[in-house]
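Architecture at a glance
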Amino acid sequence: MALGVGIVGLPNVGKSTLFNALTRAQHAEAANYPFCTIEPNKATVPMTDTRLDALAAIVKPAQVVKATVDFIDIAGLVRGASKGEGLGNKFLANIRETDAVLQVVRCFADDDVVHVEGGIDPVRDIEIIETELVLADMQSLEKRIDRISRQARADKELRKEVDAMERLMQHLNEGRPVRTFPRAEGDALGNTLTELQFLTDKPVIYCANVGETELDGGGAQVERVKAHASEKGCDVVVISAKMEAELAGLTDSERDDFLASYGLKESGLDQTIRMAYHTLGLASYFTAGPKEVRAWTFHRGWGAPRCAGVIHTDFERGFIRAEVIAYDDYVRLNGEAGAKAAGVMRVEGKEYIVQDGDVMHFLFNV
């Protein structure tokens, strides 16, 4: 499962610096996972998970494959992007293909880096971007309302959808994103949501880009971002894009020493990936064998057959049962043999809801 996060931001907020750091991390790790497609505007970055290291120490596999996140550099966001200003159309097309939005906002002062809006005000910057997204969604919705309204004159079900779209339009007109619009499974708005893939229906993570001396996250501008995010129900990650660029070129030991010098245990990129997982309700289960130890991404709440399908559709289609060992038990008992001997390996059927950290083996027949 590929998780795509679109990086957006006004000019000169550190978006390009952050993306370049991600790209360098991609090149450094490319050998650790298969089928890594490197494109100019995409960085496929592995997710650091210490549980994989513990599993690999027990199994001693030929390779370790991490879960990955695709970061997409979204170009062209300026005032008027919804009307095609700058590279507005490219921006809108790219962001529709992502699962979440990482909005980089500038919280650092630097007289050598001019702010396009004339001064440092991260909340203002957030509102500029969100206004452009709302306006773009209103344009898409207006076109659909015009098209469906003509057909709805002779179709009561379509009339219900038009009514729902008009309520959504009012919601947007008040400056509120689609993701906060009340909805229920099977309601009349379902087709509209699926077809239009609204920009403001995507989860948002605010990325407060600070100077290297402000990584404790306690600066006044960061506090403003956190307060705004709390009101909007969004997550916040605090990073220094400049420091991330330096980290991306270091060895693991150099990286650890560098972070320790700032009193940090993990990089901002690692925090960002974890935050993206949390925001999207994702988790990882593991497979462990002599060929590889691997993390597989799934949505929390998925049953065993659907999780098996992440590996291959045949696994889901022909699912019989799953052998499951909780991660803590697997490590405590030194692997599968010890877990079996202790009686903690479980056999689960189709109704089992997979848990984060489960070590699994699927049996299937097609």
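Residues numbered from 1 in each chain as written. Predicted model: local features only at pLDDT ≥ 70, side-chain atom pairs only at ≥ 80, totals over all residues. Heavy atoms only, no water.

Focus: the overall build of the protein
Along its length, the protein carries 14 helices and twelve strands. Residue burial in the protein is summarised as follows: out of 366 residues, 49% are buried. Here the analysis covers contacts within the protein between residues at least 6 apart in sequence; of these, 68% occur between residues at least 24 apart. Within the structure as shown, the protein displays about 17800 Å² of accessible surface, and the carbon and sulfur contribution to it stands at 49%. (Helix = DSSP H or I, 4+ residues; strand = E, 2+ residues; numbered from the N terminus. Buried < 20%, exposed > 50% of the residue type's maximum accessible area, 1.4 Å probe, protein only. Contact = heavy atoms within 4.5 Å. Areas by Shrake-Rupley, 256 points an atom, 1.4 Å probe, with all protein chains shown as cover.)

Thoughts on the environment of Asn365
As for its placement among the helices and strands, Asn365 is situated in the segment after strand E12 (359-364). The exposed category is assigned to Asn365, whose relative accessible area is 56%. Linking Asn365 and Asp314, residues 51 residues apart in sequence, is a C-alpha distance of 8.1 Å. When residues no more than four places from it in sequence are discounted, the contact partners of Asn365 are Gly318 and Ile320.

Considerations on the sheet that holds strand E7 (residues 235-239)
The mixed open sheet is built from six strands, whose spatial order is E2-E4-E1-E5-E6-E7. Edge positions in the sheet fall to strand E2 (42-46) and E7, since each has one partner strand and no second. In this sheet, neighbouring strand axes are inclined to one another by 25 degrees on average, regardless of whether the strands run parallel or antiparallel. Alignment of E2 against strand E4 (residues 68-73), held across five bridges, turns out to be antiparallel. Within E4, the residue paired with Thr44 across the bridge is Asp70. (Pairing = 2+ DSSP bridges. Axes fitted to C-alpha atoms, helices over the stretch in contact; angles between N-to-C directions.)

Some details on the nonpolar core
Core analysis: the largest hydrophobic core is formed by 66 residues, its most contacted members being Leu3, Leu18, Leu22, Phe71, Leu102, Tyr206 and Tyr277. Those residues in contact with Tyr277 that sit more than four places away from it in its chain are Leu3, Met47, Ala67, Thr68, Val69, Leu282, Ala283, Ser284 and Thr297. (Core = buried A, V, L, I, M, F, W, Y, C linked by side-chain atoms within 4.5 Å.)

Focus on the pairing of E4
With respect to burial, E4 is a largely interior element, six of its six residues being buried. Here E4 shows a buried face lined by Thr68, Asp70 and Ile72 and a second buried face lined by Val69, Phe71 and Asp73.

Things to note about the pairing of E2
The buried fraction of E2 amounts to five of the five residues, a majority that puts the element mostly inside the structure. Here E2 shows two buried faces, one formed by Lys42, Thr44 and Pro46 and the other by Ala43 and Val45.

Regarding the packing of helix H4 (residues 122-152) against helix H5 (residues 156-173)
Interaxial distance between H4 and H5 falls to 10 Å at its minimum, and their mutual angle equals 160 degrees. For the element pair H4 / H5, the angle class is roughly antiparallel. The two elements H4 and H5 meet at a crossing, and its hand is left-handed. Where H4 abuts H5, its residues Val134, Asp137, Met138, Leu141, Glu142, Arg144, Ile145, Ile148, Ser149, Gln151 and Ala152 lie against Leu158, Arg159, Glu161, Val162, Met165, Glu166, Leu168, Met169, Leu172 and Asn173. (Parallel < 35°, antiparallel > 145°, perpendicular 65-115°, else oblique. Left-handed = near helix turned anticlockwise from the far one by under 90°.)

Considering the pattern of salt bridges
Summed over all chains, the structure comprises 20 salt bridges. For Glu292, the salt bridge goes to Arg294, with nearest N and O atoms at 3.7 Å. Arg294 gets classed as partly exposed once you look at its relative accessible area, which sits at 21%. Between Glu336 and Lys340 there is a salt bridge; the shortest N-O distance is 3.2 Å. Here Lys340 and Glu336 lie together in helix H14 (residues 336-341), a separation of four residues that amounts to about one turn. (Salt bridge = Lys/Arg side-chain N within 4 Å of Asp/Glu carboxyl O.)

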